[in-house]
Amino acid sequence: MRKFLLTIITLSLVFVLFACGETSDNDQDPDPDNGDVDPDPDNGDPVDTYDPRGLVPERCDYLENIDDWQPVWCDEFDEDGLPNPDLWAYDAGTGIGGWGNNELQHYTRERLDNVYIEDGILHIQAIKESYQGSHYTSARLVTKYRGDWLYGRVQVSAKMPSGRGLWPAIWMLPTDVVYGTWPASGEIDIMEYVGYDPGVVHGTIHTGAYNHGMGTQIGYTRTLPTVEDQFHLYEMIWEPGKIELFIDGEMFAQFDYNPDTNIFTKNSDAWPFDQRFHLILNVAVGGDWGGARGIDDSIFPQTMEVEYVRVYQKDYAGLTEDAPSQVGGVVIQDTTYESIRFKWSPAEHDVMVKHYNIYVDGNKVGETTLNAFRIHGLHPNTDYVIGVEAVDFKGQTSSMRNTAARTETVRSVLDRIQAASFDAMSGIRVYEANDIAYVGDIDTMDYMEYILEVPESGTYQIRYRVSSVDGVGEISLFGRTRFVLAVTDVPNTGGTQTWTTVTSEAFDLEAGVVTFRLRASEGGFNIDYFEFIKVGD
């Protein structure tokens, strides 16, 4: 359970996700008497109609729909003993670094002391005991590869354990870690509780950009005095564009995506919740959060009790009739020499938009479930036509919305480049003297970086205007690789404002945009400007 609540940030994340909508294998019924097939008013041919129970497995057939939500996975814990292995697996052991949170329990596998069903209730029990090198045992149940969902409505009726040092949770992790290891692929905490703070429950999400490791996680709390004494219904509704958390039917947390506050954040770092996730139920002992105020060993054993777990989904494709509308106006938010970032107003739809296709000059270059995108790999100083098209779960598309955009110009290596106009640096300072802005206090291993365009492949030299009073310095020039292109000595010029020009040996460059790094392999000098000279093909 990689979570630990620092200062909760109420940022807004807004999202339009893509999901998989399942459809029934029996969408079309050839029997015209049962009302499942309607005639087409134009040609009389039968058309598919929506099956409101097409997603429901036989095991969950006893549950009714909740509006358009159909029960797709369920466990009422009605058979005593261990949990059903067709529905639940175990995360077992101590985990690396105490499951990443310095937790102290050993999670056991299929051990009745730690997990059992009795009288229709699932018990997950934490015990104070010596076991395989740990001083506590507990259990962590997971639905991974037995219940994995992209979007849905999850309901868990549960009662929390009591006592300082406990950390029970109802939460979700990605099944396929498409965007990388935690937190890049996301985490959804439907409910967390720490025993040292009685009667306060938490709901949180973690992503690559918003997580407790950076102190930027986004979460909400609610006071619930009977959390340890009564069963409460903890619920999540997750659809394209939003995640909402409820307790006993009352919403206490909502997460969505704001394209204006994530201009420089990769889409998946802001909102990775467009892949399938699985459910986890566990009781941790200690850890960075649960054990922040120590552990009261007199409380054990302690149990989280669960009445039922139910998961519902919508047949988005089956519900859909009309194609999405055209998206609202496309707004350019940021440009670089090789990228364009833009946002748009979401398309309207009778059910739900699945994702947006992104086009450059009529060619599809990507898709996103959000209402913003950054296109990379473009050419500098070039005009482009950017297109956005909405797609629903039925595969229907909107008309295209286009806008014009232009990438930024990149300076040429053949221009005179002021050293103070760097794109990145480490260690140096910028000074102004005699109408000259120059880079000074360059010590050994300090560097500056410049993004420049090489217009033609060929052989070049680089010429620096430098000054020094500290003896001989040395500049190493790097290009596309970690190998040095050229090394140039800097003489003692006798003063910080006594300038001279030094020129490197020749080196080869390929045409294109290059990030050049000027690094002081021996420091003690200043640079006013530099320029490249093409000396051969």
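Residues numbered from 1 in each chain as written. Predicted model: local features only at pLDDT ≥ 70, side-chain atom pairs only at ≥ 80, totals over all residues. Heavy atoms only, no water.

Across its full length, the protein chain holds 3 helices and 40 strands. Against the globule reference of 24 Å for 537 residues, the protein chain gives a C-alpha radius of gyration of 30 Å, more extended than a compact globule. Each principal axis of the C-alpha atoms in the protein chain carries an extent, and together these give about 90 × 75 × 35 Å. The buried share among the 537 residues of the protein chain stands at 53%. A sequence separation of at least 24 residues applies to 72% of the contacts in the protein chain between residues at least 6 apart. Accessible surface computed for the protein chain: about 22,900 Å², of which carbon and sulfur atoms make up 44%. For the protein chain, the centre of its 38 positive side-chain charges and the centre of its 86 negative side-chain charges are spaced 8 Å apart. (Helix = DSSP H or I, 4+ residues; strand = E, 2+ residues; numbered from the N terminus. Rg over C-alpha atoms; globule rule 2.2 N^0.38 Å. Buried < 20%, exposed > 50% of the residue type's maximum accessible area, 1.4 Å probe, protein only. Contact = heavy atoms within 4.5 Å. Areas by Shrake-Rupley, 256 points an atom, 1.4 Å probe, with all protein chains shown as cover. Lys, Arg positive; Asp, Glu negative; His and termini not counted. Charge placed at Lys NZ, Arg CZ, Asp CG, Glu CD.)

The 3 strands are arranged β21-β22-β25 in an open sheet whose pairing can be described as antiparallel. What marks the edges here is a single partner per strand, and that holds for β21 (330–335) and β25 (372–375). Averaged over all neighbouring strand pairs, the angle between strand axes comes to 25°, with direction disregarded. Sheet topology places β21 next to strand β22 (residues 340–344); 5 bridges connect them, and they run antiparallel. In the strand pairing of β22, D334 is matched with R341. (Pairing = 2+ DSSP bridges. Axes fitted to C-alpha atoms, helices over the stretch in contact; angles between N-to-C directions.)

Our next topic: unusual backbone geometry. The linkage connecting W182 with the following residue, P183, adopts the cis geometry, with an omega of 5°. With respect to the helices and strands, the residue P183 is situated in the loop between β12 (166–174) and β13 (187–193). Of note, the amide linkage connecting F300 to P301 takes the cis form, showing an omega dihedral of -5°. Positionally, P301 belongs in the loop between β19 (277–285) and β20 (302–313). Positive phi, normally seen in glycine, also occurs at W99, with a value near 60°.

Another point: the nonpolar core. I170, I190, Y234, L279 and L281 are the most contacted members of the largest nonpolar core, which has 74 residues in total. Among the nonpolar cores identified, the runner-up in size contains 29 residues, and V439, V466, L518 and I527 belong to it. (Core = buried A, V, L, I, M, F, W, Y, C linked by side-chain atoms within 4.5 Å.)

So, about the packing of aromatic side chains. Ring pairs (aromatic) are described by centroid distance and by the angle formed between their planes. The full count for this structure, using the stated rule, is 22 aromatic pairs. Arranged with centres 5.4 Å apart and planes meeting at 70°, the rings of Y220 and F255 form a pair that is edge-to-face. Of this pair, Y220 sits in strand β15 (residues 218–223) while F255 is found in strand β18 (residues 250–255), placing the two residues 35 residues apart along the sequence. Using a relative accessible area of 24% as the deciding quantity, one classes Y220 as partly exposed. Using a relative accessible area of 2% as the deciding quantity, one classes F255 as buried. Relative to F532, the ring of F530 lies with its centre 6.2 Å away and its plane at 75°, an arrangement referred to as edge-to-face. Residue classification places F530 among the buried positions, given a relative accessible area of 0%. Its relative accessible area of 4% is what places F532 among the buried residues. (Phe/Tyr/Trp six-rings, centres within 6.5 Å; stacked < 30°, edge-to-face > 60°.)

Within the fold, T368 resides in strand β24 (residues 363–368). A polar atom in the side chain of T368 sits 3.1 Å from the backbone nitrogen of L370. (Polar contact = N/O pair within 3.5 Å; in protein donor to acceptor, adjacent residues only side chain to side chain.)

Quick look at the sheet that holds strand β27 (residues 401–406) now. Spatially, 4 strands are ordered β24-β23-β26-β27 in an open sheet, and the strand pairing comes out antiparallel. Looking along the sheet, the strands with just one partner apiece sit at the ends: β24 and β27. Adjacent strand axes in the sheet meet at a mean angle of 30°, parallel and antiparallel pairs treated alike. Relative to β27, strand β26 (residues 383–392) runs antiparallel, the two being bridged by 6 bridges. By the bridge assignment, G387 is partnered in β27 with N402.

For the protein chain, per-residue confidence averages 91 on the pLDDT scale, and 91% of positions sit at 70 or higher. For the stretch residues 1–46, pLDDT sits under 50, and the model shows 142 contacts to residues farther than four places along the chain or on other chains. (pLDDT = per-residue confidence, 0-100.)

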